[in-house]
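An overview of the molecular structure
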Amino acid sequence: MNFIKKTLAILMTLTLALSITACHKKNEIAVKVGDVEFTSAYYMCALIEADLAAKQEVDDKAQEDTSIDTSKEGYYYTQKFDGKTFEEYVKANALDKLKENAAYITKCKENKIELGDDKTSVDSYAEFYWSSYGYSEVYEPNGVSKETFTKYSEDSYYSSKYFDFVYGKEGKTPVATKDITEYRKNNYLLAEVLDVDFSSLEDADKTEKTALFKTYYDDLKSGKKTFNAIYEEYNSVEDSNKQDSYATVLGTSTTSYASDNYDTVKAMKNGEVKLVKKDDDAGYTILVKKDLEADSTKIDSIDSEIRHGLKDEDFEKEIDEFVKTLKFTETKSATKQFKVKKIEYPQTEDSTTTTAQ
């Protein structure tokens, strides 16, 4: 079974519990970067995150590389990453995460940047994932308490705070408006989208939906109905849930708004309506192109992503250089107890747990 089904599902469906046969002292310092100290439990947060990411990398690669035998037990550990063994790669990435967190924490402290009201949001996020998404089932058996997980989440958010301090609208070196506008026009569009998928429908239902979507298309073209009216009719939207616009942002493949409809909408004129038949008779999509440049709310919603798209490379270079100036100390007696190969994803509840910190 590949990693997506067997491992990543832990975080999303809570079908498995993660455990490790290790012990550590309460509040034991495992790593120090500059003036920032990290406990063993905090280090474990980074190690778990790095382990999951590395295994996902292997499974992604295995989809293209048939030489990787995913049916073979322990196949992850036979993989190399730029000359590093799997275990070396995971540990290096975990330590890099701590170095980055320390750099952002230090930069924010130097510039008197605090989490402020964002702390409440981050803590709520951590609480939700810990209690409702089941992260407690993943981290707690490894000696990571909710308090440590929350601290880890807060520290990770300092990167966003420092980025805004540098490149935000009121940052010390804000991104030029013309650059933001150009990037937005080259990578984002706005459209009203109504979609039907035939994959789970019987032939009679497919015929009915096809006729319905063609009627909707004709009604939109003639102006007989608005998109909002059609959308609410099709989705049985209650009066209390109605909104002014159901338009959605579509982006290129390099954005978080990546859409298969992007190129189609790009070729359309503002206000134009199109009924698109999906490949292999998989369904239909109704598209109505809207003017993104006229929608300030949508523009604001993608502003931060655009700034990151333009400046992440410069930002990461700055942090990488700053990390090199920070003294790094690893207390190996504290970190060596955490073996990557001993991070297990058991099928049973028979596991050894540690004391949560």
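Preceding block: the structure.
Residues numbered from 1 in each chain as written. Predicted model: local features only at pLDDT ≥ 70, side-chain atom pairs only at ≥ 80, totals over all residues. Heavy atoms only, no water.

What to know about the nonpolar core
The condition is simple: Residues grouped as a nonpolar core are buried Ala, Val, Leu, Ile, Met, Phe, Trp, Tyr and Cys residues, joined through side-chain atoms within 4.5 Å. Relative accessibility decides the category of a residue: with a 1.4 Å probe and only protein chains considered, values under 20% of the type maximum give buried, values over 50% give exposed, and everything between is partly exposed. A helix here means a DSSP run of H or I that spans at least four residues, while a strand means a run of E at least two residues long, and both kinds are numbered starting from the N terminus. Throughout, a residue-residue contact means that at least one pair of heavy atoms, one from each residue, lies within 4.5 Å.
If you look at the biggest cluster of nonpolar residues, it comprises 67 residues, and the most contacted ones within it are Phe 38, Tyr 43, Leu 47, Phe 86, Tyr 139 and Tyr 162. If you tally residues by element for this core, the top one is helix 2 (residues 40–62), at 12 residues. For Tyr 162, the contacting residues outside a window of four places in its chain are Tyr 104, Lys 107, Cys 108, Asn 111, Ile 113, Lys 172, Phe 315, Glu 318 and Ile 319.

As for the sheet that holds strand 7 (residues 273–277)
We apply this condition: One requirement defines pairing of two strands: DSSP has to find at least two bridges between them. A fitted line through C-alpha atoms serves as each axis, taken over the contacting stretch for helices, and the angle formed by two N-to-C directions is quoted from 0 to 180°.
One open sheet holds the 4 strands; their spatial order is 6-5-8-7, and the pairing between them is antiparallel. Looking at strand neighbours, the two that pair on one side only are strand 6 (247–251) and strand 7, the edges of this open sheet. Direction aside, the axes of adjacent strands within the sheet are offset by 40 degrees on average. On top of the sheet, helix 8 (residues 203–222) reaches strand 5 (188–197), strand 7 and strand 8 (283–290); it is set at about 15 degrees to strand 8, its chief contact.

Side note on the sheet that holds strand 2 (residues 36–39)
Reading across the sheet, the 3 strands line up as 2-1-9 and stay open at both edges, with antiparallel pairing between neighbours. Edge positions in the open sheet fall to strand 2 and strand 9 (328–330), since each of these has one partner strand only. Across the sheet, the mean angle from the axis of one strand to that of its neighbour is 15 degrees, orientation sign disregarded. Relative to strand 2, strand 1 (residues 29–33) runs antiparallel, the two being bridged by 4 bridges. Bridging from a neighbouring strand, Ile 29 pairs with Thr 39 of strand 2. Docked against the sheet, helix 2 engages strand 1 and strand 2, running at close to 80 degrees with respect to strand 2.

Some words on the packing of helix 8 against helix 9 (residues 227–234)
As a reminder, the rule being used: Every angle not falling under 35 degrees, over 145, or within 65 to 115 is termed oblique; those three ranges are roughly parallel, roughly antiparallel and roughly perpendicular. Working rule for handedness: look at the near helix, and if it is turned counterclockwise from the far one by less than a right angle, call the crossing left-handed; if clockwise, right-handed. Three classes are used: nonpolar for Ala, Val, Leu, Ile, Met, Phe, Trp, Tyr, Cys and Pro, charged for Asp, Glu, Lys and Arg, and polar for all others, with Gly counted as polar.
The geometry of helix 8 relative to helix 9 is characterised by a closest axis approach of 10 Å and an angle of 160 degrees between their N-to-C directions. In terms of orientation, helix 8 lies roughly antiparallel with respect to helix 9. Here helix 8 runs over helix 9; the crossing is right-handed. Judged by residue contacts, Lys 209, Leu 212, Phe 213, Tyr 216, Asp 219 and Leu 220 of helix 8 engage Phe 227, Ile 230, Glu 233 and Tyr 234 from helix 9. Grouping the amino acids of the contact of helix 8 with helix 9 by side-chain chemistry returns 7 nonpolar, no polar and 3 charged.

So, the packing of aromatic side chains
Test applied: Aromatic rings from Phe, Tyr and Trp, with only the six-membered ring used for Trp, were paired whenever their centres fell within 6.5 Å, and each pair was classed as stacked if the ring planes differed by under 30 degrees, edge-to-face if by over 60, and tilted otherwise. Lysine and arginine charges are scored as sitting over a ring when NZ or CZ, respectively, is within 6 Å of the ring centre and within 35 degrees of the ring normal.
In total, this model carries 31 aromatic pairs according to the counting rule given. Relative to Phe 315, the ring of Tyr 104 has its centre 5.8 Å away and its plane inclined at 15 degrees; by these criteria the two rings are stacked. Taken together, the residues Tyr 104 in helix 3 (residues 86–110) and Phe 315 in helix 12 (residues 303–323) connect sequence positions 211 residues apart. For Phe 315, a relative accessible area of 4% translates into the label buried. With a centroid separation of 6.1 Å and 75 degrees between ring planes, the pair formed by Tyr 188 and Tyr 257 is classed as edge-to-face. With Tyr 188 in strand 5 and Tyr 257 in the loop between strand 6 and helix 10 (262–266), this pair connects stretches of sequence that are 69 residues apart. For Tyr 257, a relative accessible area of 26% puts it in the partly exposed group. Through pairs of rings, three or more aromatic residues link up here, namely Tyr 125, Phe 128, Tyr 129, Trp 130, Tyr 133, Tyr 135, Tyr 139 and Phe 149. The positively charged end of Lys 107 is found above the aromatic ring belonging to Phe 322, 4.4 Å away from the centroid.

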